[in-house]
Amino acid sequence: MIIKSADFICSNTQISKLLPPTKPEYAFIGRSNVGKSSLINMLTQKKGLAKTSQTPGKTQLINHFYVNETWYIVDLPGYGYARASKSKKADWNKFIQTYLDKRESLQCVMVLIDSRLEPQKIDLEFCSWLGEKGLPFVLIFTKADKQSNIKTDQNIAKFRKAVLEMFDEVPQVFVTSSDTMQGREEVLAFISNVNQGFKVPDYDEERYS
């Protein structure tokens, strides 16, 4: 897939204020500081499209980016941010889960995992929740350039093993680096393939009016 355009469209905290679900959407989510913004910028080749920050939990809204005027990258708040209050976390979790569970045009959840870490409970719990809801997802391991290939492979193998304790099979896996652009073509090819089968879903027009 060649990226010809990528533009920020809107930020929301309310599902009712989102755009009508007439284009395929891919939700990007992971633990805070997993490199989500950098990955989005790498995929679109548009520096600064998604705001990067050294402060975990910076993304606190549902951000829509319109790619090639045909599909959306949806940047969701990271989970696991430590500095937010319990009430704030509860609010964020509620609207994130509502978006994921109710958004008619959501095609796949792109779950970002830091390849430098052994399986984290919070990542596995999120994958389990997606499975319970029957939501399609893939695993995108980030920051692969920050360590040896052997170490990356070892951590991915451990994560696969942990996932197999919950599921019959492991979702598709991508290994990426925002610095070297590793995995870019593979992730975009996956999205392109899914896009080909997209049909505008039935939806309640009044909900988005």
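Structure: see above.
As the structure is a prediction and not an experimental result, all values here were calculated from the model.

Caption draft 1: Main features of the nonpolar core. Residues Tyr99, Leu100 and Val111 are the most contacted members of the largest nonpolar core, which totals 33 residues. Elements supplying a minimum of two residues to this core: strand E2 (25-30), strand E3 (62-67), strand E4 (71-75), helix H2 (86-102), strand E5 (106-114), helix H3 (121-133), strand E6 (137-142) and helix H4 (149-164). Considering each element in turn, this core owes the most residues, five residues, to H3. Setting aside anything within four residues of it in sequence, one finds tyrosine 99 in contact with Ile15, Leu18, Glu25, Ala27, Ile62, Val74, Leu76 and Leu106. Counting 25 residues, the second largest nonpolar core, distinct from the first, contains Ile140, Leu188, Phe190 and Ile191.

Caption draft 2: Fine view of the pairing of E6. Most of E6 sits out of view: six of its six residues are buried. Residue alternation in E6 divides its side chains into two sets, Phe137, Leu139 and Phe141 and Val138, Ile140 and Thr142, and both sets are buried. For the crossover from E5 across H3 to E6, the handedness is right-handed. Across three bridges, the pairing between E6 and strand E7 (residues 173-175) is parallel. Following the sheet pairing, leucine 139 is matched in E7 by valine 173.

Caption draft 3: Up close: the packing of aromatic side chains. Scanning the model with the defined rule gives eight aromatic pairs in all. Between tyrosine 26 and tryptophan 71, the aromatic rings sit 5.7 Å apart at their centres with planes inclined by 90°, giving edge-to-face as the arrangement. Of this pair, tyrosine 26 sits in strand E2 while tryptophan 71 sits in strand E4; the two residues are 45 residues apart in sequence, bridging distant segments of the chain. By relative accessible area, tyrosine 26 is classed as buried at 0%. Relative accessible area serves as the criterion here: at 1%, tryptophan 71 is assigned to the buried category. Put simply, the rings of Tyr79, Phe126 and Trp129 touch in pairs and so form one group of aromatic residues.

Caption draft 4: The pattern of salt bridges, seen in detail. Throughout the structure, instances matching the rule amount to 10 salt bridges. The closest approach of N and O atoms between arginine 207 and glutamate 104, which form a salt bridge, is 3.0 Å. Remark: glutamate 104 occurs in the loop between H2 and E5 and arginine 207 occurs in the segment after helix H5 (184-196); sequence separation between them is 103 residues. Accessibility expressed as a relative area gives 29% for arginine 207, which makes it partly exposed. For glutamate 125, the salt bridge identified is with lysine 121, shortest N-O distance 3.8 Å. You can see glutamate 125 and its partner lysine 121 sitting in helix H3, four residues apart, about one turn around the helix. Its relative accessible area of 45% is what places glutamate 125 among the partly exposed residues.

Caption draft 5: Structural detail: H4. In a regular helix each residue adds 1.5 Å, so 16 residues correspond to 22 Å; H4 covers 22 Å between its end C-alpha atoms and thus fits that length. Among all positions of H4, only Thr152, Asn155, Ile156, Phe159, Ala162 and Val163 are buried. Angular distribution of buried residues about the axis of H4 spans 120°; they occupy a single face of the element. Of the residues in H4, the exposed ones pointing more than 90 degrees away from the buried face are Ile150, Asp153 and Lys161. Residues of H4 that are buried make contact with E5, H3, E6 and E7.

Cut-offs used in this document
Residues numbered from 1 in each chain as written. Predicted model: local features only at pLDDT ≥ 70, side-chain atom pairs only at ≥ 80, totals over all residues. Heavy atoms only, no water. Core = buried A, V, L, I, M, F, W, Y, C linked by side-chain atoms within 4.5 Å. Buried < 20%, exposed > 50% of the residue type's maximum accessible area, 1.4 Å probe, protein only. Helix = DSSP H or I, 4+ residues; strand = E, 2+ residues; numbered from the N terminus. Contact = heavy atoms within 4.5 Å. Right-handed = clockwise from strand over helix to strand, strands pointing away. Pairing = 2+ DSSP bridges. Phe/Tyr/Trp six-rings, centres within 6.5 Å; stacked < 30°, edge-to-face > 60°. Salt bridge = Lys/Arg side-chain N within 4 Å of Asp/Glu carboxyl O. Expected span 1.5 Å × (residues − 1). Arc of directions from axis to C-beta.

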